[in-house]
Amino acid sequence: MNIVSSSTATKTIEHPDTRENTSTGDDTPKFFHYVKKDSIVESAVNGTMVVALCGEAFPVRKQAKPGSPVCPDCERIYRGLRKK
Ligand SMILES: [Zn+2]
């Protein structure tokens, strides 16, 4: 497993969002969502769904890659959590 490390307990993972992906035919997700690391581990082990900061629930399938777009809702919530 290749997981991008960070110093926080929150990571981005790919969400294969197919709702708006009706014609491209590739499997490139549009957004990454912020998900708690513990949830990712649990999903990887148990195959359960994870819930992103924005409330999206989906199974973990891929890890985030540098430069990938991040879900705007997740990003806003994430920044709010980090702000002190
Ligand atoms: Zn999100």
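Residues numbered from 1 in each chain as written. Predicted model: local features only at pLDDT ≥ 70, side-chain atom pairs only at ≥ 80, totals over all residues.

- An unreviewed UniProt entry annotates the protein chain as DUF3039 domain-containing protein of Corynebacterium poyangense.

### Concerning the environment of Ala-57
- Mapped onto the elements, Ala-57 comes out in strand S4 (residues 57-59).
- Judged by the 12 C-beta atoms lying within 10 Å of it, Ala-57 is exposed.
- What Ala-57 contacts, discounting residues up to four positions off in sequence, is Met-49, Val-50 and Val-51. (Helix = DSSP H or I, 4+ residues; strand = E, 2+ residues; numbered from the N terminus. Buried ≥ 20, exposed ≤ 12 C-beta atoms within 10 Å, placed from the backbone. Contact = placed C-beta atoms within 7 Å.)

### Remarks on the nonpolar core
- Within the largest apolar cluster, eleven residues are counted, these being Ile-13, Phe-31, Phe-32, Tyr-34, Val-35, Val-50, Ala-52, Leu-53, Cys-71, Cys-74 and Tyr-78.
- Mapped onto this core, the elements with two or more residues apiece are strand S2 (31-36) and helix H2 (72-82).
- Per-element tally for this core: the top contributor is S2, with four residues.
- Apart from residues lying up to four places away in sequence, Cys-71 is in contact with Phe-31, Phe-32, His-33, Ala-52 and Cys-54. (Core = buried A, V, L, I, M, F, W, Y, C linked by C-beta atoms within 7 Å.)

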